[in-house]
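# Inside the fold
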Amino acid sequence: MLAESLTIFLIIFLVAVLYLRTKKSYALATVPLLILPFANITACLTSGELTKFLPMDKFTVYCAINLFAVILSSFFVGLWSNKFSKKSTRALYVTMSLIFNIVLAAILINNMYIAIYG
């Protein structure tokens, strides 16, 4: 899922750049969504090497990196949700962002599990 994560990262990054021209607060709101795809790219490239230094297998390191990214992204979603003045907009932003992060992380971890353990 390296290519897919790179594609997701680039699409969200382009959306953020487009929002920079019109609404800067919306551009900042998309930044937390970049954390998980970036972390997954990093995890795909480094989890095998990190097993030399950590007492864990590749899948556990991969999962830890992705789960940490979900937590970090969710934290920033919560922080930046305060930029929205309407409570309904804030609730929708937080809900959609958290669903995106959790579903994407579940898909990425499941795919890696299948790739490693068949």
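Here the residue numbering is sequential within each chain, running from 1 through the sequence in written order. Under the rules for a predicted model, residues below a pLDDT of 70 receive no local features and side-chain atom pairs below 80 are neither given nor counted, while totals for whole chains, interfaces and linings still include all residues. To obtain the side-chain values, all non-hydrogen atoms of the structure were used and water was disregarded.

### A closer look at the nonpolar core
- Of all hydrophobic cores here, the largest spans 14 residues; its most connected members are L36, F59, Y62, A69, L108 and I109.
- Only heavy atoms matter for contacts: two residues are in contact if any of them lie within 4.5 Å across the pair. Not counting the four nearest positions on each side in its chain, L108 is found in contact with M1, S5, L36, N40, Y62 and N66. Nonpolar core, defined: a set of buried Ala, Val, Leu, Ile, Met, Phe, Trp, Tyr and Cys residues in which side-chain atoms within 4.5 Å join the residues together. Exposure classes here rest on a 1.4 Å probe applied to the protein chains alone. A residue is buried below 20% of its type maximum, exposed above 50%, and partly exposed in between.

### Some words on helix 3 (residues 35-50)
- Runs of E in the DSSP output that reach at least two residues are strands. Runs of H or I that reach at least four are helices, and both are numbered from the N terminus. One less than the number of residues in a helix, times 1.5 Å, gives the span that helix is expected to have. For helix 3, built from 16 residues, the straight-helix expectation of 22 Å at 1.5 Å per residue is missed by more than 12%, its first-to-last C-alpha distance being only 20 Å.
- Turning to helix 3, its buried residues are I35, L36, P37, A39, N40, I41, A43 and S47.
- Turning to helix 3, the residues buried within the fold contact helix 1 (2-22), helix 4 (58-80) and helix 5 (87-117).

### Looking at the packing of aromatic side chains
- When two rings of Phe, Tyr or Trp (its six-membered ring) have centres within 6.5 Å they constitute a pair, described as stacked for plane angles under 30 degrees, edge-to-face for angles over 60, and tilted for the intermediate range. Scanning the entire structure with this criterion turns up 10 aromatic pairs.
- Measuring from centroid to centroid gives 5.5 Å for F75 and F76, while their planes differ by 70°, and the two rings are edge-to-face.
- Of the residues examined, F76 reaches a relative accessible area of 26% and is grouped as partly exposed.

### What about the packing of helix 1 against helix 3?
- Running from amino to carboxyl end, helix 1 crosses helix 3 at an angle of 155°, the nearest separation of the two axes being 8 Å. On the basis of the axis angle, helix 1 is roughly antiparallel to helix 3. Between helix 1 and helix 3 lies a crossing whose hand is left-handed. Contacts from L2, S5, L6, I8 and F9 in helix 1 reach P37, F38, N40, I41, C44 and L45 in helix 3.
- The residue classification treats Ala, Val, Leu, Ile, Met, Phe, Trp, Tyr, Cys and Pro as nonpolar and Asp, Glu, Lys and Arg as charged. All others, Gly included, are polar. Residue composition of the contact of helix 1 with helix 3, grouped by class: 9 nonpolar, 2 polar and no charged. Axes here refer to lines fitted to C-alpha atoms; in helices the fit is confined to the stretch in contact. Angles between the N-to-C directions go from 0 to 180 degrees. Angle categories are assigned with fixed cut-offs, so that under 35 degrees is roughly parallel, over 145 is roughly antiparallel, 65 to 115 is roughly perpendicular, and the rest are oblique. A clockwise turn of the near helix away from the far one marks a right-handed crossing, whereas an anticlockwise turn of less than a right angle marks a left-handed crossing.

### Quick word on helix 5
- The first and last C-alpha atoms of helix 5 sit 44 Å apart over 31 residues, in line with the 45 Å expected at 1.5 Å per residue.
- Residues of helix 5 that are buried include every one of Y93, S97, N101, L104, A105, L108, I109 and M112, and no others.
- Among the structural elements, helix 1, helix 2 (24-30), helix 3 and helix 4 are those in contact with the buried residues of helix 5.
- Immediately downstream of helix 5, the backbone of G118 shows phi near 70°, a positive value.

### Looking at the environment of M1
- Its location among the elements puts M1 in the segment before helix 1.
- Residues M1 and M112, 111 residues apart in the sequence, show an inter-C-alpha distance of 7.9 Å.
- With near-sequence residues (within four places) excluded, M1 lies in contact with N40, I107, L108 and N111.

### Looking at the side chain of S47
- One can find S47 in helix 3.
- If we skip the residues at most four places from it in the chain, S47 touches T42, K58, V61 and Y62.

The quantities given are spatial measurements derived from coordinates; they are silent on function.
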